[in-house]
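So the chains spell out like this:
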Amino acid sequence: MKRTILTIIAAALLPLCASAQSLGSLLGKVADAASGNGNGSGLLNSLTEVVYSYTGNLTAVQLPGSWTYEGSAISLGSDNALSNIAGTAASATVEKKVDEYLAKVGITKGALGFTFNEDLSFVCTVKSIPVSGTWRMLEDGKTVQLQFGKNMKYLSLTGDLKNSAAGCEMLFEGKKFLGFVKTVLSYVGKQSGTAATVASLAESYNDMKIGFELSKVK
């Protein structure tokens, strides 16, 4: 049974990991735990380490500072960690499609950025046009609220915030994110049917969340 679990984890992770060495190290720990004696707690701990290494860890994101947009981020829903691993390939496919749509209206890597200040104000820069607002982190330490000003029609976004390989992911309920895209396009004077296309894409997945993959500016 333990070997079966190990095989499933390896099959799910191997195509998705950019670093074979780091994955091999983690799976080695799982293999050692699976072949050893005990009540199974070692295997459980090792599996937990693998899961959180490839689905985001529990450390709170340190948001203050400047961040730049790397591309879209997608979450297909399930809270089950193993299901999230299996769904990563599908998420990557959707991310690529969303990136292609957003690129058509100029939302590409580096074209959007955020500066979060310690006084809980922020500036979102879209194609060199700044938009200000306020932000706050909820008590759970992994949910962020963005409140834009008048120029963005007082748009409010509440999203999940988690660490990622690039820096962090900020994920919002699909319709809310699309509302942000439409408002931004209107504000920078660029209209397009792209947001509607992304909306139809989002409807293809239950509980889909869309957002930003951000890296911190050094």
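Preceding this section is the structure that the text describes.
Read on for a plain summary of the structure. (Residues numbered from 1 in each chain as written. Predicted model: local features only at pLDDT ≥ 70, side-chain atom pairs only at ≥ 80, totals over all residues. Heavy atoms only, no water.)

**Topic: the overall build of the protein**
Logical step 1: Secondary structure summary: the protein contains six helices and eight strands in total.
Logical step 2: Ordered by position from N to C terminus, the α and β elements of the protein give α-α-α-β-α-β-β-β-β-β-β-α-α-β.
Logical step 3: Taking all 218 residues of the protein together, 39% fall into the buried category.
Logical step 4: Considering only intrachain contacts with a sequence separation of at least 6, the fraction spanning at least 24 residues in the protein is 61%.
Logical step 5: For the protein, the exposed area adds up to about 11700 Å²; of that, 52% sits on carbon and sulfur atoms. (Helix = DSSP H or I, 4+ residues; strand = E, 2+ residues; numbered from the N terminus. Buried < 20%, exposed > 50% of the residue type's maximum accessible area, 1.4 Å probe, protein only. Contact = heavy atoms within 4.5 Å. Areas by Shrake-Rupley, 256 points an atom, 1.4 Å probe, with all protein chains shown as cover.)

**A few points about the environment of leucine 112**
Logical step 1: Positionally, leucine 112 belongs in strand S2 (residues 112-116).
Logical step 2: It is 9.6 Å that separates the C-alpha atoms of leucine 112 and proline 130, two residues lying 18 residues apart in sequence.
Logical step 3: Setting aside its immediate chain neighbours within four residues, leucine 112 contacts Thr68, Tyr69, Cys124, Thr125, Val126, Phe180 and Phe212.

**So, the pattern of salt bridges**
Logical step 1: Scanning the entire structure with this criterion turns up three salt bridges.
Logical step 2: Residues lysine 209 and aspartate 160 are paired through a salt bridge, measuring 2.6 Å at the closest nitrogen-oxygen approach. Of this pair, lysine 209 sits in strand S8 (residues 209-216) while aspartate 160 sits in strand S6 (residues 156-163), and the two are 49 residues apart along the sequence.
Logical step 3: The partner of lysine 162 in a salt bridge is glutamate 169, and the shortest N-O contact between them spans 3.8 Å.
Logical step 4: Here glutamate 169 falls in the buried class, since its relative accessible area comes to 11%. (Salt bridge = Lys/Arg side-chain N within 4 Å of Asp/Glu carboxyl O.)

**A closer look at the pairing of strand S7 (residues 168-173)**
Walk down a regular strand and you will see the side chains alternate between the two sheet faces.
Logical step 1: Most of S7 is tucked away: five of the six residues are buried.
Logical step 2: Note: S6 against S7, five bridges, orientation antiparallel. What sits directly across from leucine 161, in S7, is methionine 170.
Logical step 3: Where S6 folds back onto S7 in an antiparallel hairpin, the turn is made up of four residues.
Logical step 4: Relative to S8, S7 is paired through six bridges, and the arrangement is antiparallel. The residue of S8 that forms the bridge with cysteine 168 is leucine 214. (Pairing = 2+ DSSP bridges.)

**A short note on the packing of aromatic side chains**
Logical step 1: Within this structure, the stated rule accounts for 12 aromatic pairs.
Logical step 2: Both rings, one in phenylalanine 172 and one in phenylalanine 212, keep their centres 5.8 Å apart while their planes meet at 75°; by these two values the pair is edge-to-face. Of this pair, phenylalanine 172 sits in strand S7 while phenylalanine 212 sits in strand S8, and the two are 40 residues apart along the sequence.
Logical step 3: Looking at phenylalanine 172, the relative accessible area reads 0%, which means it is buried.
Logical step 4: Residue class for phenylalanine 212 comes out buried when judged on its relative accessible area of 2%.
Logical step 5: Ring geometry for phenylalanine 177 and phenylalanine 212: centres 5.5 Å apart, planes at 65°, overall edge-to-face. Note that phenylalanine 177 is positioned in helix H5 (residues 174-187) and phenylalanine 212 in strand S8, a separation of 35 residues in sequence.
Logical step 6: Taking the relative accessible area as the measure of exposure, phenylalanine 177 reaches 2% and is therefore buried. (Phe/Tyr/Trp six-rings, centres within 6.5 Å; stacked < 30°, edge-to-face > 60°.)

**Here's the deal with the pairing of S8**
Logical step 1: S8 sits mainly inside the fold: six of its eight residues count as buried.
Logical step 2: As judged from the eight bridges shared by strand S1 (residues 65-75) and S8, these two strands associate in the antiparallel manner. Paired with serine 75 across the two strands is lysine 209, which belongs to S8.

**Section: the nonpolar core**
Logical step 1: With 37 residues, the main nonpolar core has Leu146, Phe148, Met170, Phe180 and Phe212 as its most contacted residues.
Logical step 2: Of the residues forming this core, the biggest block, five residues, is contributed by H5.
Logical step 3: Once you skip the residues sitting within four places of it in the chain, phenylalanine 212 turns out to touch Tyr69, Gly71, Ala73, Leu112, Phe114, Cys168, Glu169, Met170, Phe172, Phe177 and Phe180. (Core = buried A, V, L, I, M, F, W, Y, C linked by side-chain atoms within 4.5 Å.)

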